[in-house]
Amino acid sequence: MSTERVATVVGDLIKRINDAIDEHEVTYDEYHAAMNYLIRLGEAGEWPLFLDVFFEHTVERLNQGEGGTIEGPYYVPDAPWLERPYVLPQRDDEKGDVLILSGTVRSTGGRPIPGAVLDMWQADADTYYSNVQEGPPPYNLRGRMTADDNGEFEVRTIVPPSYHLPRGGPMEELLNAAGWHDFRPGHLHFIVSADGYTPLITQLYFEGDRYLDSDVASAVKPELVLSLRKHDSPEEMEERGLKKPFFTTSHEFRLKPQDG
Ligand SMILES: [Fe+2]
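Residues numbered from 1 in each chain as written. Predicted model: local features only at pLDDT ≥ 70, side-chain atom pairs only at ≥ 80, totals over all residues. Heavy atoms only, no water.

If you look the chain up in an unreviewed UniProt entry, it shows as Catechol 1,2-dioxygenase from Haloechinothrix alba. Per UniProt, the chain carries the Sequence similarities (unreviewed entry) text "Belongs to the intradiol ring-cleavage dioxygenase family." Here is the UniProt Cofactor (unreviewed entry) comment for the chain, exactly as written: "Fe(3+)". (UniProt positions renumbered as here; feature names shortened; annotations may be inferred.)

Chemist: Would you take a moment to explain the environment of Ala116 for this structure?
Modeler: With respect to the helices, strands and loops of the structure, Ala116 is situated in the loop between β2 (98-107) and β3 (117-121). When its relative accessible area of 0% is taken as the criterion, Ala116 is described as buried. Through-space distance from the C-alpha of Ala116 to that of Tyr205 is 21 Å; in sequence the pair is 89 residues apart. Apart from residues no more than four positions distant in its own chain, Ala116 is found in contact with Val105, Met145, Thr146, Ala147, Ser193 and Ala194. (Helix = DSSP H or I, 4+ residues; strand = E, 2+ residues; numbered from the N terminus. Buried < 20%, exposed > 50% of the residue type's maximum accessible area, 1.4 Å probe, protein only. Contact = heavy atoms within 4.5 Å.)

Chemist: What is the right way to look at the coordination of the iron ion in this model?
Modeler: Think of it this way: four donors in a tetrahedron around the metal ideally sit 109.5 degrees apart, and six in an octahedron ideally sit 90 or 180 degrees apart. Here the iron ion is held by Tyr129 (OH), Tyr163 (OH), His187 (NE2) and His189 (NE2), and the distances to it run 1.9 to 2.3 Å. Metal-centred angles of 92 to 169 degrees between the 4 donor atoms at the iron ion mark the site as irregular. Site description for the iron ion: donor spacing in sequence, Y-x33-Y-x23-H-x1-H. Taken together, the residues Tyr129 in the loop between β3 and β4 (142-146) and His187 in the loop between β7 (183-184) and β8 (188-193) connect sequence positions 58 residues apart. Here Tyr129 falls in the buried class, since its relative accessible area comes to 0%. (Donors = N, O, S within 2.8 Å, 3.2 Å for Na, K, Ca; no water. Tetrahedral: all angles 85-135°; square planar, octahedral: opposite > 155°, others 65-115°.)

Chemist: Honestly, the packing of aromatic side chains in this entry has me stumped. Any pointers?
Modeler: For any two aromatic rings, the description comes down to two numbers: the centre-to-centre distance and the angle of the planes. One pass over the full model with this rule turns up 11 aromatic pairs. Ring centres 4.6 Å apart and planes at 5 degrees place the aromatic pair Phe183 and Tyr211 in the stacked group. With a gap of 28 residues between them, Phe183 in strand β7 and Tyr211 in the loop between β10 (200-206) and β11 (225-226) connect regions that are remote in the sequence. Looking at Tyr211, the relative accessible area reads 9%, which means it is buried. An aromatic cluster of three or more residues is present, and its members are Trp47, Phe50, Phe54 and Phe55. (Phe/Tyr/Trp six-rings, centres within 6.5 Å; stacked < 30°, edge-to-face > 60°.)

Chemist: It is not clear to me how the nonpolar core should be interpreted in this structure. Could you clarify?
Modeler: Side chains that are nonpolar tend, in soluble globular proteins, to be buried together. With 34 residues, the main nonpolar core has Val105, Phe190 and Phe253 as its most contacted residues. Take this core: its biggest share by element is 4 residues, from β10. Listed in part, the 15 residues of the second largest apolar core include Tyr74, Met171, Leu175 and Ile191. (Core = buried A, V, L, I, M, F, W, Y, C linked by side-chain atoms within 4.5 Å.)

Take a look at the structure:
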């Protein structure tokens, strides 16, 4: 970053914080509480969480726009490559409703993108992410797959639960102190990429989730909210080789061609 850019952006940030201090007549006690809080936030390793929850959505909107949303703090690279038919890696007795997501990867102009890569991750039914939280085995509910020659894909996973942010640290302390809830609506995370296109970072949500309108991370967009269709007839379950009812939904990802 150039000196000019740093001076402009950081200078404005400092000015606006000073304006807020002025406007709300912040006391010395409050100033010291804020300083102490920010130190503890760092010591607890919660700066990425804090920044992704409160600020990433604006950076995302400016840089991706429609069809994208925040990445959040729980992406892990090098998830296993999956073989067709795609099933996100999971335990034999993985809890949660079975979900079959199908869809297409297209250019913003509407052309299917054969071989596009979908890197997908989500929380388990107990709300935990593998590799970054205790509980699930490594790379559980994380995987990479490719779209077929028509840009289409289908993957079996579980319906993701809504979850609250990690508790017991400075992040929870702040949300409690402000009287704000700490929930995110259930979601699937994706990074979709293909040669010649800008990678799309996004999430998919589901109609009926009680936190769609009050996501603590402000990351829900209407075009990312899908409806789930329930299948519970014996014929449908047998056709899928499943012993319990399942849900289906679909989505079209649109990638922007890289210019020149
Ligand atoms: Fe998430």
